[in-house]
Amino acid sequence: MVKASAPGKCILFGEHAVVYGEPALACSINQRMTIELEHEHMIEAWRLDGRKFNPKKHPHIEYIRNKLHSSTGNPLHIRIRGTIPKASGLGSSAALSVALCGALQQLHNGSANKAQASLLAHHAEAAAQGGRASPMDTATSSYGGFIVLSDTIEEHLDFIETRTMDVDGSTRQWHLHTFEAAVPEGTALVVGNTGTHGSTSAMVNHVAELMRKNSSRKVELETIGAIARRGIQAFREGDMEAVGQAMTENHIVLRSLGVSSPELERLIRAAAPSSLGVKMTGAGGGGCMIALTTNPEETMGAIEMEGGRAFISTFNEPGLRIEDAV
Ligand code: PMV
């Protein structure tokens, strides 16, 4: 039996603007997906949580299985466990893909390889999403901690790798970085889930339409980029007041782009008084918001009073991890 786990993520700065080349910062959260693989003597076909595995229903798993487990290998029983809410912008499918890569690597090679898991899980996401996927979720889930995506190599950050992928007939390129953050003890991230779901493609198309109609609105995307750079710098220095300030500013620009929602605004208003900073996270139109706070219980209570579901996360959560191998 082999067991591997990988964390979800949230976006601290730069969603939407990153589509236009501005930097974005994501961090791992303390909610994880766990994959268990078991050889069972009696089974003749792959099984998923006790049922026959249906590749059409699980394209990510099918993609990774084909890459990392030869068709002549024994069928396995895959068990999925996890605490990351689905379709809420917290990267549950990326975490699942990364954990599965790790578990299969452990089974075949005796160890997990984060760089290979990050690459393969990114390709699995792209294959399942019509060829379109940025490496943000899968890289954050594989490496853990803080991941910065940018269209240039950011000099003050630790460069990890450059990723290229053909998207809609043209080659896209992302530079991935990380950095050490001096987050003071007692500072936490509270994630609030509205329980509503926004569509990433609808939100991305909405912003594209705004830019097409009025190109002067590109200033808003550049503003998000400038805020993201300032927020990253503040993280590196451990200046949480400045990080919070930048998060709130980032949200104001996202709201002006029209990607927030009444439900997100309600949770953000509730969390703001007890927080250093608040913003929506991910594509928007629903999904989750985040609050940087030194009073996590109070912030969580305020979000729940408004009908949201909340949990407290910490920073520097580890990436892909082998939990068990016997
Ligand atoms: O909702 P999520 O977590 O999948 O994030 C989408 C982030 C966007 O910037 C809106 C789109 C993208 O591809 O980067």
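Model, not experiment: these values are computed from the prediction.

**As for the packing of aromatic side chains**
No. 1: Inspection of the entire model under this criterion finds four aromatic pairs.
No. 2: Centroid distance Phe146 to Phe179: 5.1 Å. Interplanar angle 25 degrees. Geometry classified as stacked. Here Phe179 lies in the loop between strand E8 (170-178) and strand E9 (188-193) and Phe146 lies in strand E6 (residues 146-150), a separation of 33 residues in the sequence. In terms of burial, Phe146 and Phe179 fall into one category: buried.
No. 3: Considering the side-chain rings of Phe235 and Phe315, the 5.5 Å spacing of their centres and the 75 degrees angle between planes classify their relative orientation as edge-to-face. Placement of Phe235 in helix H6 (residues 218-237) and of Phe315 in the loop between strand E12 (309-313) and strand E13 (321-325) is noted, with a sequence separation of 80 residues between them.

**Observations concerning the packing of H6 against helix H7 (residues 240-256)**
No. 1: Running from N to C, H6 and H7 point in directions that differ by 165 degrees, and their axes come no closer than 8 Å. Between H6 and H7, the interaxial angle falls into the category roughly antiparallel. You can see that H6 and H7 cross each other, and the crossing is left-handed. For the pair H6 and H7, the contacting residues are Glu220, Thr223, Ile224, Ile227, Arg230, Gly231, Ala234 and Phe235 in the first and Met240, Ala242, Val243, Ala246, Glu249, Asn250, Val253, Leu254 and Ser256 in the second.
No. 2: Tallied by class, the residues present in the contact of H6 with H7 amount to 10 nonpolar, four polar and three charged.

**Focus: the nonpolar core**
No. 1: Grouped together as the largest cluster of nonpolar side chains are 81 residues, with contacts concentrated most on Phe13 and Phe235.
No. 2: Here this core takes eight residues from helix H2 (residues 92-109), the largest share from any one element.
No. 3: Among the domains, domain 1 (2-180) and domain 2 (188-313) are the pair contributing at least three residues each to this core.
No. 4: In contact with Phe13, other than residues within four places in its own chain, are Ala24, Leu25, Ile227, Ala228, Gly231, Ile232, Phe235, Val243, Ala246, Met247, Asn250 and Lys279.
No. 5: Ranked by size, the runner-up nonpolar core spans 14 residues in total, among them Met136, Ala139, Leu149 and Met165.

**Overview of the sheet that holds strand E11 (residues 288-293)**
No. 1: Within the open sheet, the four strands sit side by side as E10-E11-E9-E12. Their pairing is antiparallel. Across the chains shown, the open sheet's two edge strands, defined by having one partner strand only, are strand E10 (277-281) and E12. Going across the sheet, the axis of each strand differs from the next one's by a mean of 20 degrees, ignoring polarity.
No. 2: Taken together, the five bridges between E9 and E12 define a ladder with antiparallel strand orientation. Residue pairing in the sheet places Asn193 in a bridge with Arg309 of E12.
No. 3: Set on the sheet, H7 makes contact with E10 and E11; between it and E10 the angle comes to about 45 degrees.
No. 4: The strands touched by helix H8 (residues 262-271) are E9, E10 and E11; relative to E11, the strand with the most contacts, the crossing angle is about 10 degrees.

**Considering the site of the ligand**
No. 1: The environment of the ligand is made up of Lys9, Ile11, Glu15, His16, Val18, Val19, Gly89, Thr200, Val204, Gly282 and Ala283.
No. 2: Gly89 places a main-chain nitrogen or oxygen 3.3 Å from an oxygen atom of the ligand.
No. 3: Broken down by secondary-structure element, the contributors of at least two residues to the shell around the ligand are strand E1 (2-13) and helix H5 (200-213).
No. 4: In this structure, the shell around the ligand is formed jointly by two domains, domain 1 (2-180) and domain 2 (188-313), each of which donates at least three residues.

**A short note on the domain arrangement of the protein**
No. 1: Under the domain assignment used here, the protein contains domain 1 (2-180) and domain 2 (188-313).
No. 2: Contacts between the two partners involve 29 residues from domain 1 and, on the opposite side, 38 residues from domain 2.
No. 3: Summing the contributions of domain 1 and of domain 2, the shared interface buries around 2,600 Å²; its carbon and sulfur component is 68%.
No. 4: Area buried by domain 1 at its contact with domain 2 is led by Phe13, His16 and Tyr20, which between them contribute 28% of it.
No. 5: Counting the contacts that link domain 1 with domain 2 gives two salt bridges.
No. 6: Across the pair Arg229 and Glu154 runs a salt bridge whose closest N-O atoms are separated by 3.1 Å.
No. 7: Where domain 1 packs against domain 2, one counts 13 residue pairs in polar contact (both at pLDDT 80 or more).
No. 8: If one sorts the elements of the side of domain 1 that touches domain 2 by residue count, strand E2 (residues 24-39) sits on top with five residues.

**Things to note about the pattern of salt bridges**
No. 1: Going through the model one piece at a time under the given rule, you end up with 14 salt bridges.
No. 2: Arg79 serves as the salt-bridge partner of Glu40, at 3.7 Å between the closest nitrogen and oxygen. Taken as a pair, Glu40 in the loop between E2 and strand E3 (47-48) and Arg79 in strand E5 (residues 76-82) lie far apart in primary sequence, 39 residues in all.
No. 3: On the accessibility criterion, Glu40 (23% relative accessible area) is partly exposed.
No. 4: A residue is classified by how much of its surface remains accessible, and Arg79, at 22% relative accessible area, is partly exposed.
No. 5: One continuous salt-bridge network, built from bridges that share partners, spans Glu38, Glu40 and Arg79.

Parameters and conventions
- Residues numbered from 1 in each chain as written.
- Predicted model: local features only at pLDDT ≥ 70, side-chain atom pairs only at ≥ 80, totals over all residues.
- Heavy atoms only, no water.
- Phe/Tyr/Trp six-rings, centres within 6.5 Å; stacked < 30°, edge-to-face > 60°.
- Helix = DSSP H or I, 4+ residues; strand = E, 2+ residues; numbered from the N terminus.
- Buried < 20%, exposed > 50% of the residue type's maximum accessible area, 1.4 Å probe, protein only.
- Axes fitted to C-alpha atoms, helices over the stretch in contact; angles between N-to-C directions.
- Parallel < 35°, antiparallel > 145°, perpendicular 65-115°, else oblique.
- Left-handed = near helix turned anticlockwise from the far one by under 90°.
- Contact = heavy atoms within 4.5 Å.
- Nonpolar A, V, L, I, M, F, W, Y, C, P; charged D, E, K, R; others polar.
- Core = buried A, V, L, I, M, F, W, Y, C linked by side-chain atoms within 4.5 Å.
- Domains from an automatic or database assignment.
- Pairing = 2+ DSSP bridges.
- Near = heavy atom within 4 Å.
- Polar contact = N/O pair within 3.5 Å; in protein donor to acceptor, adjacent residues only side chain to side chain.
- Buried area = accessible area lost by both parts, 1.4 Å probe.
- Salt bridge = Lys/Arg side-chain N within 4 Å of Asp/Glu carboxyl O.

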